[in-house]
Amino acid sequence: MFRVRTNKRILAVCLVVLIVGVFFAGYQLGLMQTQNSTIIIEPGSFTETATYVIYGKDTNNDGILDIVYAKNGVTGVVEFSGTDVANVTQSVINYVSNKGGGIVFIKQGTYELVPKGTDASGNAYCLMLKSNVRLIGEGWNTVLRLKSGYRATLIYIENAENIAVEKMYLDGNRPETAEDFSSYYNCIIRAGTHSTGAQKREGAKNAIFRDLFLTRAERFAIDIAFSNNVTIENIWTREGSGDDDISISMFSKNIVVRNVYVINKTNPYNFAVSAGIEVEDGASKVLIDGAFIEASHNVTTGMCLMKVHDYVADEVAAQGMTDIVIKNTIIVGAKYGIYYKPINGCRRLTISGVTIINPAEYGIVRYGLGSFESLVINNVKVINAGKLAAEAVPAMYIALDKHVTIQSCEIINSTLGIKIYNCSYVQISGCRIYNNSYDGITVYQSSFVSIVDNSIYNNGQEGWGVGIVVDTTSDVIIRGNNIFDDQNTPTQDRAIKIGSAVTNAVVTWNYIGQHTSTPYIKDDSGTAIIKHNNGFTTENSGIATGLSNGATIAHGLADIPSIVVLTCLNATYDGVPVIVSWNKELTDATNI
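About the thresholds
- Residues numbered from 1 in each chain as written.
- Predicted model: local features only at pLDDT ≥ 70, side-chain atom pairs only at ≥ 80, totals over all residues.
- Heavy atoms only, no water.
- Phe/Tyr/Trp six-rings, centres within 6.5 Å; stacked < 30°, edge-to-face > 60°.
- Buried < 20%, exposed > 50% of the residue type's maximum accessible area, 1.4 Å probe, protein only.
- Helix = DSSP H or I, 4+ residues; strand = E, 2+ residues; numbered from the N terminus.
- Contact = heavy atoms within 4.5 Å.

Q: Give me the packing of aromatic side chains: which residues, what numbers.
A: In this structure the tally under the stated criterion is 22 aromatic pairs. Their ring planes at 85° and their centres at 6.4 Å tell us that Tyr362 and Tyr367 sit as a pair that is edge-to-face. Relative accessible area serves as the criterion here: at 11%, Tyr362 is assigned to the buried category. According to the relative accessible area criterion, Tyr367 is partly exposed, its value standing at 31%.

Q: Explain unusual backbone geometry to me, and be specific about the residues and the numbers.
A: The amide bond that connects Thr518 to the next residue, Pro519, takes the cis arrangement and shows omega of -5°. Within the secondary structure layout, Pro519 lies in the loop between strand S45 (511–512) and strand S46 (521–523). With phi around 55°, Asn234 is a residue other than glycine that occupies positive phi space. With relative accessibility at 27%, the residue Asn234 sits in the partly exposed group.

Q: Describe the environment of Thr518, and please don't skip the residues or the numbers.
A: Checked against the element boundaries, Thr518 lands in the loop between S45 and S46. C-alpha of Thr518 to C-alpha of Arg494: the two residues are 24 residues apart in sequence and 7.1 Å apart in space.

Q: I'd like a rundown of the side chain of Ser424, residues and numbers included.
A: Secondary-structure assignment places Ser424 in strand S35 (residues 424–429). A residue is classified by how much of its surface remains accessible, and Ser424, at 14% relative accessible area, is buried. Once residues lying within four places of it in the same chain are set aside, the contact partners of Ser424 are Asp401, Lys402, His403, Val404 and Ser447.

Q: I'd love a proper account of the side chain of Ser252, names of residues and values included.
A: Mapped onto the elements of the fold, Ser252 is located in the loop between strand S20 (246–249) and strand S21 (253–265). Overall, Ser252 belongs to the buried group, its relative accessible area being 0%. Sequence-distant contacts of Ser252, that is, excluding residues within four places in its chain, are made with Ile224, Ala225, Phe226, Ser227, Gly282, Ala283 and Ser284.

Quick look at the structure:
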């Protein structure tokens, strides 16, 4: 009995020691808190251990933590402290990285940082995140802010891997006016340099930027250059940047941007092109999935919300951009919805599941002299595009690209619908284009174009408009489209107009409703094959009897026929039916 009771007492002591040991085993992220430097364990703890915990004191009640401490997450001992937030935090980052990595947890409160270093291009930064370090806050109540009077990047990353910045409110505190904005890269988070040659620096590899609120960056809120395998998700920006809120460039690859909310996008320094999300300079394998981007509608100069372009003038520029996907996104306001400007060698741009509302000019627009090889625009809706433009501009303007597919899209209440210029291998199918100011679809100087199974109606709301216009184009198929105007007062001028410089055009099996002008299908080329269109008579035959000299026959066509064969029944010459000649000059729009 005595020996058994002794073992129980030993076991109880061991359990107490074990509990005390677990108590000091480490600071548990998100479920534990410090209070007056004492660790308090809350229910549900022991989920993830912080290597160091940074917290501070506000000694003068101005809302700024002016004394900062860094506590070892295992021992509970304060090992770094001081009045300079950047110095304390950088010391912890360096130490943790040198020891193989870990988590630096920053408690809630407002921390002001000042610059502590410069990159190879001479741009200042406050913190440099090192390999294998995760910098995590206590939600948006953890505020890192650049101190007023300084110009610098808050968090800079150079040749670092396996890193993260999460759960913070980051404030770039940009100045009201920019000085020499073309040469600085003062950002909130910046990975890599924008320089080549001796000043080139790799950015991040295997990085996560998540659950962040970003505001008032001087240049970019997040700038990713020369980086690989980066995830940017659950990001909010408000007045996020002087230029682009999120920039992905300089041959970065394997980048995912997911669940991004860009609110009140502005262009305070009047950059020629400023964007909510930018992809450029040879970036490849970029997925933008789930963004909401909003700009006030009076911001119309030099503003676009997404741009995909490439203008690096060095030996590697010829790589171009490849495999860019923009999907499940809503864009409201600004000058352009999606702006892309490729160089030659760019391949595979896909825009899918995107809604663009109230762009001042274009919904989707392409500039420059290069081209994309394979452009897919699928399930895109553009509403009220071009209403503030100085001249009529289309909701979608596609030029110089090869292998273009536009399918299942909707364009409503815009100035023009879709314009295709100097493209090849184009297919437009399954789209609804209606209630626009002028033409529905226009195609110029292109080849191998199919316009199939679209509904185009009630356009020409501002005085004139044709359903489909094609000119200076070869090898065209227009088939299976519904083109009509069902308003009480029709506004759509014609269904289809084929220009004089069109070759090898086939217009067939379309439904043609009422329009304001006849003929509803107008062929100025004189060579198009037009037949089997419901609502438009293109073939007619009949029997006329008892004709006298000078009598006419109604041909029933919408235009003067170019070929007529008249066979005289029961009139033969040596057993062969007589073919009567036809004088086109004596034929009018209704009678032969």
